[in-house]
Amino acid sequence: MSTFDNPFDPDRNLRPGCACGQHRSAEEHEQAAGLGCEPVESEEKRYESVVASAVMRAMFPQDVARRAFLKSVGASTALAALSQFFPLKTATEVFAQAGAPEKKDLKVGFIPITCATPIIMAAPLGFYAKHGLNVEVVKTAGWAVIRDKTINKEYDAAHMLAPMPIAISLGLGANAIPFAVPAIENINGQGIVLATKHKDKRDPKDWKGLKFAIPFDYSMHNYLLRYYLAEAGLDPDTDVQLRSVPPPEMVANLRADNIDGFLAPDNICQRAIYDGVGFMHLLSKEIWDGHPCCSFAASREFITTAPNSFAALTRAIVDATAYASKAENRKQIAEAIAPANYINAPVTVLEQVLTGTYADGLGGVKTDAKRVDFDPFPWQSFAVWMLTQMKRWGQIKGDVDYKAVAEQVYLATDTKKLMTEMGLTPPSSAYKSFAVMGKTFDPAKPEDYLASFKIRKAS
Amino acid sequence: MMTTSSLRLRAGLVSIALLAAFLGIWHLATRSTAPVATMSPEYAKLMGLTATQGKSAMPGPLDVGAKLWQHLKRPFYDNGPNDKGLGIQLAYSIARVGTGYLLAVLVAIPLGFLIGMSPLLSKALDPFIQVLKPISPLAWMPLALYTIKDSSISAIFVIFICSIWPMLLNTVFGVASVRKEWVNVARTLEVGTVRRAFTVILPAAAPTILTGMRISIGIAWLVIVAAEMLVGGTGVGYFVWNEWNNLSITNVIIAILLIGIVGMLLDQILARFTRMVTFPE
């Protein structure tokens with residue numbers, strides 16, 4: 001479901017479904033359109049339309065009456081009529097300024113992988129500046145370091161793996177410090193790469209005894225790989241070896257034959273293919289289409305001491321995510337984030353990741369426009385799923401209040417409010433059901449879901 | 001005189017021959033020889049040179065030389081917080097090493113002096129120093145980050161804590177092993193304790209102390225690369241890590257070369273100081 005559709009569209013369907021109204025759901029619409037719903041042309045225009053639609057709604061509180069009016073005179077005439085007696089321009093400016101940020105010079109940490117695309121590109125493409133912030137994006141050596149630096153307040157906010165803020169808030173692998181996620185960075189965009197010598201071992205059932213690398217223990221990579229292996233009947237704790245390895249070292253280790261494969265961010269996968277040491281076995285999208293991967297996280301303390309800075313930062317990230325979600329911008333983004341100051345990787349590699357036309361390492365060229373996608377909405381059901389997996393693999397012992405933790409860490413309500421203010425249409429609920437490898441997950445029944453797995457760590 | 005200069009000449013010639021042989025073997029070993037699989041041009045466009053032309057994953061000396069020239073041409077560029085010229089990175093590293101090392105000198109030498117003058121203390125503290133001395137900088141790092149809560153100060157702290165021990169031990173040893181006769185003569189002449197420390201013990205212990213300082217600067221320079229790889233941001237260690245991220249072995253080799261040269265220069269400076277204070281007995 002794309003969150004970036006036009007709010008000032010008289011034909012917009014008011015019932016749940018997709019924006020153009022011709023499909024039963026947003027997913028179907030996206031499949032038909034190929035690239036998602038048509039977003040607005042420019043951000044300024046979008047703000048203008050937010051204000052305009054607010055005025056419009058105030059004048060015609062009833063949807064049906066407003067619609068009749070719009071239908072009869074047309075949207076542009078209505079807008080012109082409105083602006084005659086309401087200073088739309090001034091109102092838009094006032095709106096765009098929002099509250100002045102308490103702190104303008106901010107530091108945001110990132111790990112050089114394509115998951116961080118919105119955080120990184122917001123600097124060279126000016127999204128932070130547009131929201132009145134002077135943000136320095138700082139490259140960081142690893143997940144543990146980014147966690148410590150954010151906890152130590154060297155960074156005001158940071159790029160983290162989606163499960164990390166949950167783990168930090170629960171005090172797993174660190175002191176418990178309340179963290180929050182206002183936006184998901186990317187969805188999909190990971191992959192399982194195997195060494196070229198395993199090109200005939202495509203069935204995971206044959207993977208007993210292999211060594212795999214994952215970026216971090218509290219990562220979607222870990223949970224997805226374990227899930228995938230367990231579905232094939234392998235116990236990830238006893239039948240294979242899983243090692244936490246920093247992403248750049250994965251390619252070198254694969255070349256040196258220290259590992260047989262890895263589940264890693266796409267630019268690392270593509271780099272292994274680019275250097276001719278491995279092939280793409282599976283995109284993470286094929287395990288769970290639309291899974292979250294990385295998040296944009298900040299401590300509760302920062303949010304309460306500098307709420308306006310935090311709101312501006314979130315707006316910039318949501319804006320950047322909206323921009324990154326459009327296929328036509330992807331080439332430009334690849335060029336913007338490739339230099340040594342940002343990801344530091346060959347442009348060809350990043351382009352293959354972001355445009356979705358890529359070499360698979362076995363001599364074929366594949367295309368999947370949704371190989372990586374960007375959608376900021378922090379679904380609380382994502383957090384609940386991660387908690388079930390943390391429990392499944394023994395990272396959490398004892399009982400856990402899924403809903404409370406998810407709602408404390410994943411700020412769906414705040415993000416919803418911000419997105420509405422920005423003229424985007426957030427989903428109405430913060431929980432959605434989804435399927436992982438064909439198995440439906442019901443966020444209301446996490447314990448049942450957990451109990452349904454045969455392979456899990458004995459607790 | 002004649003023999004030493006000809007020995008030096010011959011040693012120089014051997015050094016150059018060794019270097020040439022090394023570069024030659026390196027060049028031959030990294031020529032592209034790997035077989036190339038046939039692939040469609042569309043596919044080849046998406047692949048790197050290693051895969052398409054069988055280029056060795058290891059760069060040859062010519063690649064490294066060309067890249068080094070590029071770096072030397074503009075050592076001080078600044079493309080934002082995560083990409084600065086090698087000159088700037090080296091300056092950051094040297095500044096960090098300098099700060100941590102000077103702090104260590106300020107602590108180690110007076111402390112070593114006091115310990116060395118008291119046989120009781122030097123025996124009592126010895127086990128602690130021996131335990132703390134062999135700890136790797138990377139082992140200190142998480143502790144420092146956690147307690148100091150600032151990565152750049154942590155890096156300096158790690159240099160401080162790693163370079164302090166050789167200096168401390170050498171100062172203690174140097175002070176403790178000043179010849180008893182000299183101290184006794186000073187005592188007979190009724191030289192005060194402070195004056196005795198500065199005019200008799202310090203000059204006598206200076207060569208040993210400076211040897212300790214020389215060992216320490218080497219350790220500090222070893223530590224900085226590891227520390228910067230971990231905390232990131234700036235410095236030559238960060239440069240190595242950043243280029244490693246991009247699997248750019250060429251740049252890593254260049255960094256290795258520069259780290260070696262700077263380390264040698266630091267060592268030579270201390271060696272010169274040591275020669276200045278050495279005295280014939």
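What you see is a predicted model, and the numbers here were worked out from it, not measured in a lab. Numbers given for residues are sequential positions, taken from 1 along each chain in its written order. As a convention, the first chain written is A and the first ligand written is 1, with the rest following in written order. Side-chain atom pairs in this predicted model are given and counted only at pLDDT of 80 or more, local residue features only at pLDDT of at least 70, and totals for whole chains, interfaces and linings cover all residues.

### Some words on the overall build of chain A
Part 1 of the reasoning: Only runs of H or I of at least four residues qualify as helices and only runs of E of at least two qualify as strands under DSSP, and these elements are numbered from the N terminus. When helices and strands are counted, chain A shows 20 helices and 16 strands.
Part 2 of the reasoning: By the criterion used throughout, residues are in contact when their C-beta atoms, derived from the backbone, lie within 7 Å. A separation of at least 24 residues holds for 77% of the contacts in chain A among residues at least 6 apart in sequence.

### Considerations on the interface of chain B and chain A
Part 1 of the reasoning: Of the residues lining the interface, 30 residues belong to chain B; the matching set on chain A comes to 31 residues.
Part 2 of the reasoning: For the side of chain B that touches chain A, the elements supplying multiple residues, two or more each, are α2 (41–44), α3 (49–52), α7 (137–148), α10 (193–231) and α11 (236–245) of chain B.
Part 3 of the reasoning: In terms of residues, the side of chain B that touches chain A owes the most to one element, α11(B), which gives four residues.
Part 4 of the reasoning: In the side of chain B that touches chain A, the residues fall into 15 nonpolar, 11 polar and four charged. Asp, Glu, Lys and Arg are counted as charged, while Ala, Val, Leu, Ile, Met, Phe, Trp, Tyr, Cys and Pro are counted as nonpolar; the rest, among them Gly, fall into the polar class.

### Section: the packing of helix α14 (residues 307–324) of chain A against helix α19 (residues 412–421) of chain A
Residue and element names in this part refer to chain A.
Part 1 of the reasoning: The N-to-C vectors of α14 and α19 enclose an angle of 70°; their axes lie 10 Å apart at closest approach. One finds that α14 runs roughly perpendicular with respect to α19. Crossing of α14 against α19: the hand is right-handed. From α14, Ala311, Thr314, Arg315 and Val318 reach across to α19, where they touch Thr415, Leu418 and Met419.
Part 2 of the reasoning: Class assignment of the residues belonging to the contact of α14 with α19 gives a composition of four nonpolar, two polar and one charged. Simply put, an axis is a line fit to the C-alpha atoms, just over the touching stretch for a helix, and the angle between two N-to-C directions goes from 0 to 180 degrees. In these notes the angle categories are as follows: under 35 degrees is roughly parallel, over 145 is roughly antiparallel, 65 to 115 is roughly perpendicular, and the rest is oblique. Take the far helix as your reference; a near helix turned counterclockwise from it by less than a right angle gives a left-handed crossing, and one turned clockwise gives a right-handed crossing.

### What to know about helix α12 (residues 249–277) of chain B
Residues and elements named next belong to chain B.
Part 1 of the reasoning: Helix span, expected: 1.5 Å multiplied by one less than the number of residues in the helix. Taking 1.5 Å as the rise per residue, α12 with 29 residues should run 42 Å; its terminal C-alpha atoms sit 42 Å apart, in good agreement.
Part 2 of the reasoning: Any residue surrounded by 20 or more other C-beta atoms within 10 Å of its C-beta is treated as buried, while 12 or fewer makes it exposed and the intermediate range makes it partly exposed; C-beta atoms here are placed from the backbone. Residues Asn251, Ile254, Ala255, Leu258 and Ile259 constitute the buried set of α12.
Part 3 of the reasoning: Of the surrounding secondary structure, the elements contacted by the buried residues of α12 are α4 (61–73), α5 (86–117), α10 and α11.

### Describing the pairing of strand β6 (residues 190–195) of chain A
All names here are of chain A.
Part 1 of the reasoning: Counting buried residues in β6 gives six out of six residues, a clear majority hidden from the surface.
Part 2 of the reasoning: Here β6 shows no split at all, with Gln190, Ile192 and Leu194 on one side and Gly191, Val193 and Ala195 on the other all buried.
Part 3 of the reasoning: Here a strand pair is declared whenever DSSP counts at least two bridges between the two strands. Here five bridges tie β6 to strand β9 (residues 261–265), and the two strands are oriented antiparallel to one another. Looking at β9, one finds that Gln190 is bridged to Pro265.
Part 4 of the reasoning: Where β6 and strand β10 (residues 278–283) come together, five bridges link them in antiparallel fashion. Bridge pairing links Ile192 to Leu282 in β10.

### Some words on the sheet that holds strand β11 (residues 294–299) of chain A
Residue and element names in this part refer to chain A.
Part 1 of the reasoning: Pairing within the open sheet is mixed, and its five strands lie in the order β2-β1-β3-β11-β4. Of all strands in the sheet, those bounded by a partner on one side alone are β2 (134–139) and β4 (179–184). Taking each pair of neighbouring strands and ignoring which way they run, the sheet shows an average axis angle of 30°.
Part 2 of the reasoning: With six bridges joining them, strand β1 (residues 105–110) and β2 adopt parallel strand pairing.

### Concerning the packing of α5(B) against helix α8 (residues 151–176) of chain B
Residue and element names in this part refer to chain B.
Part 1 of the reasoning: Contact geometry of α5 with α8 gives a least axis separation of 7 Å together with a crossing angle of 30°. One element, α5, and the other, α8, form an angle in the roughly parallel class. α5 and α8 meet at a crossing whose hand is right-handed.
Part 2 of the reasoning: Tallied by class, the residues present in the contact of α5 with α8 amount to 22 nonpolar, seven polar and one charged.

### Section: helix α16 (residues 347–355) of chain A
Residue and element names in this part refer to chain A.
Part 1 of the reasoning: Every buried residue of α16 is accounted for by Val349, Leu350, Glu351, Gln352, Val353 and Leu354.
Part 2 of the reasoning: Buried positions along α16 lie against α12 (266–274), α15 (330–337), β12 (357–359) and β14 (372–373).
Part 3 of the reasoning: Count one or two residues on from α16 and you reach Gly356, which has phi positive near 85°.

### What about the confidence of the model for chain B?
Part 1 of the reasoning: The pLDDT score gives, residue by residue, the confidence of the prediction method on a 0 to 100 scale. When the pLDDT values of chain B are averaged, the result is 88; 97% of them are 70 or greater.
Part 2 of the reasoning: The complex model carries a pTM of 0.79, and its ipTM stands at 0.77.

### A closer look at unusual backbone geometry
Peptide bonds are, in most cases, trans, and in most cases residues other than glycine have a negative phi.
Part 1 of the reasoning: In this model, Asn344(A) sits at a positive phi of 65°, which is unusual for a non-glycine residue.
Part 2 of the reasoning: Turning to its location among the elements, Asn344(A) is positioned in the loop between α15 and α16.
Part 3 of the reasoning: Positioned with a positive phi, Glu190(B) is a non-glycine residue whose angle comes to about 60°.
Part 4 of the reasoning: With respect to the element layout, Glu190(B) can be found in the loop between α9 (180–188) and α10.

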